[in-house]
Amino acid sequence: MKGVVSDWSSDQRAFKGVPWGKAMMWIFLLSDTFIFSCFLISYMTVRMSSGVDWPLATELFALSFGDGEPIPMVLIAIMTFILITSSGTMAMAVRFGYQKNRKMTALLLVITAFFGATFVGMQAFEWTKLIVHDGIRPWGNPFGAAQFGAVFFMITGFHGFHVSVGVIFLLIVARKVLKGEYENGTKGFFTSRPGSYEIVETMGLYWHFVDLVWVFIFAFFYLW
Amino acid sequence: MNMASAEAHVEGQQHPIGIYFKVWILLFVLSTFSYLVDFYHVEGYLRWSLILIFMLLKAGFIMAIFMHLAWERLALVFALGIPVTFLLVFIFLMTHESDYTLGLRELFFIGGGA
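Numbers given for residues are sequential positions, taken from 1 along each chain in its written order. As they are written, the chains are lettered A onward and the ligands numbered 1 onward, keeping that order. Under the rules for a predicted model, residues below a pLDDT of 70 receive no local features and side-chain atom pairs below 80 are neither given nor counted, while totals for whole chains, interfaces and linings still include all residues. The side-chain quantities take in all heavy atoms of the structure and omit both hydrogens and water.

J.: Is there a simple way to think about unusual backbone geometry in this case?
T.: Most peptide bonds are trans, and most residues other than glycine sit at a negative phi. Phi is positive for K100(A), close to 60 degrees, though the residue is something other than glycine. Helix and strand assignments come from DSSP, with helices taken as H or I runs of at least 4 residues and strands as E runs of at least 2, each series counted from the N terminus. Note that K100(A) resides in the loop between α4 (74-98) and α5 (102-133). Working definition: with a 1.4 Å probe on protein chains only, accessible area under 20% of the residue-type maximum means buried, over 50% means exposed, and in between means partly exposed. K100(A) sits in the partly exposed class, given a relative accessible area of 43%. Notably, H41(B) is not glycine yet its phi reads approximately 50 degrees, a positive angle. With respect to the helices, strands and loops of the structure, H41(B) is situated in the loop between α2 (17-39) and α3 (44-66).

J.: In this structure, what is going on with the interface of chain B and chain A? I would like to understand it.
T.: Contacts between residues were defined by any pair of non-hydrogen atoms, one from each residue, lying within 4.5 Å. With 56 residues of chain B at the interface, the matching set in chain A holds 61 residues. Of the roughly 5,300 Å² buried where chain B meets chain A, counting both sides, 75% is carbon and sulfur surface. Note on terms: buried area is the combined drop in 1.4 Å-probe accessible area of two parts once they are placed together, counting the loss on both. Looking at the side of chain B facing chain A, the largest losses of area belong to W24(B), Y35(B) and M67(B), adding up to 12% of the total buried there. Between Lys or Arg on one side and Asp or Glu on the other, a salt bridge is scored when a side-chain nitrogen of the former is within 4 Å of a carboxyl oxygen of the latter. One salt bridge connects E72(B) with K22(A), and the closest N-O pair in it is separated by 2.8 Å.

J.: Honestly, a nonpolar patch on the surface in this entry has me stumped. Any pointers?
T.: On the surface, F65(A), I71(A), I25(B), F28(B), V29(B), F33(B), L36(B), F39(B) and Y40(B) cluster together to form a nonpolar patch covering roughly 820 Å² of accessible area. Within the element layout of this structure, L36(B) appears in helix α2. The partly exposed category is assigned to L36(B), whose relative accessible area is 31%. What makes a patch is a set of residues exposed beyond 30% relative accessible area and free of salt bridges, joined within 9 Å when like-charged and within 5 Å when nonpolar (Val, Leu, Ile, Met, Phe, Trp, Tyr). Only the protein chains shown count as covering a residue, and every accessible area follows the Shrake-Rupley method with a 1.4 Å probe.

J.: How should empty space enclosed by the protein be read in this particular structure?
T.: Gaps left between atoms show up when a probe the size of a water molecule is rolled over them. In this analysis a 1.4 Å probe is tested at points of a 1 Å grid over the protein atoms alone, and where it fits but cannot get out there is a cavity; an open set with protein on both sides within 12 Å along at least five of seven lines is a pocket; lining residues have an atom within 4 Å of a point. Grid points are joined across faces, edges and corners, and a volume is the space filled by probe spheres set on the points. One pass over the structure, following the stated rule, counts two cavities of 30 Å³ or more. Roughly 60 Å³ of internal volume is contained in the largest cavity. In this structure, the largest cavity is lined by L60(A), F61(A), A62(A), L63(A), L75(A), F125(A), E126(A), K129(A) and L130(A). Ranked by the residues each element gives to the lining of the largest cavity, the list is headed by α5(A), at four residues. In this classification, the charged set is Asp, Glu, Lys and Arg, the nonpolar set is Ala, Val, Leu, Ile, Met, Phe, Trp, Tyr, Cys and Pro, and all remaining amino acids, among them Gly, are polar. Residues of the lining of the largest cavity, tallied by class, amount to seven nonpolar, no polar and two charged. Taken as a whole, the second largest cavity holds about 30 Å³ of empty space. Taken together, V215(A), F218(A), A219(A), L223(A), S34(B), I51(B), F54(B), M55(B) and K58(B) make up the full set of residues lining the second largest cavity. Among the secondary structure elements, those contributing two or more residues to the lining of the second largest cavity are α7 (198-223) of chain A together with α3 of chain B. Of the residues that constitute the lining of the second largest cavity, the class distribution is seven nonpolar, one polar and one charged.

J.: Explanation requested: the packing of helix α2 (residues 20-49) of chain A against helix α4 (residues 74-110) of chain B in the structure shown.
T.: The relative placement of two packed helices comes down to the angle between their axes together with the axis-to-axis distance. With axes taken as lines fitted to C-alpha atoms, and helix axes fitted only over the stretch in contact, angles between N-to-C directions fall between 0 and 180 degrees. It is at 9 Å that the axes of α2(A) and α4(B) come closest, and there the two elements cross at 15 degrees. When the axis of α2(A) is compared with that of α4(B), the two are roughly parallel. Seen along the crossing, α2(A) lies across α4(B) with a hand that is right-handed. When its residues are assigned to classes, the contact of α2(A) with α4(B) shows 17 nonpolar, seven polar and two charged. Every angle not falling under 35 degrees, over 145, or within 65 to 115 is termed oblique; those three ranges are roughly parallel, roughly antiparallel and roughly perpendicular. In this scheme, a crossing is called left-handed if the near helix is turned counterclockwise away from the far one by less than a right angle; it is called right-handed if the turn is clockwise.

J.: Just to check I follow, could you spell out α4(B) for this structure?
T.: Think of an α-helix as turning once every 3.6 residues; residues three or four places apart then point the same way. The terminal C-alpha atoms of α4(B), which comprises 37 residues, lie 51 Å apart, in line with the 54 Å expected from a rise of 1.5 Å per residue. Every buried residue belonging to α4(B) is among A75(B), L76(B), A79(B), L80(B), L87(B), S98(B) and L102(B), and all of these are buried. On its buried face, α4(B) sits against α1 (2-8) and α2 of chain A. Expected span of a helix: the number of residues minus one, times 1.5 Å.

In structure tokens form, the structure reads like this:
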């Protein structure tokens, strides 16, 4: 506690040991937390205030393979595992980055991006099924409360957009790692100053955040 | 090399790779548990508390290990953690707001009007 007070009152950098890029990413993620919280709290509000039954996620998100019985929520479970796996590979990429192991870092970043793209692809599949097959619309659906569609498309859409942006930036960072741009002083496009492997860690923070948001969406939207 | 980058280089978050594997497996297990809550149709307060416990555990491990918050200085952890607690106030407010809205809806729409 004493350390917190002296850090904050030190008249220089409050976040000691944290590069500016990382501090800015954390502040962005904090603001993003509030955006997603607003979505999830609005979801709570419409669901609690609706006199009509909320559609049953277990049945709605069930899939059957071949002629088999529908397995509840199976696609969502696979998507969850994929995102967690991508978080694991990202964490390892950060570690290899600080060791200046360019090949492993780039490889792990590309694997992370691949899992991210797979996640978005499965989400596109899920949306298609819900729109075309189940007739879910933002203004109504055949299963229950009319707000379901609006909440679903807004929350998962915004999350999917975050994943898509993450995939693009993962590939950009992977390319820069591979070309050695974090070692030879090449100036960054956005920052106009030489980058370093801290950028991999900052990128990692964003990617883990996307995974973190999915933990909450999975719990509140799909399982509740 | 200037001071700032020399300092930052030493400061970078480096941890043994084993801990990432352990947390990864842990997250897999916790996700499986929360999936099983749905699969076996656990209902009521048990369902909700299990979902919340698994969710908070997963979120905690992601933040502490993957996002390295366990090793960051408290000045940063507090700057991030304290604003988030205000969300509880927001949730409290909106819970009461929805109860009130639902009450009105039941009175005028679902109950057929007073």
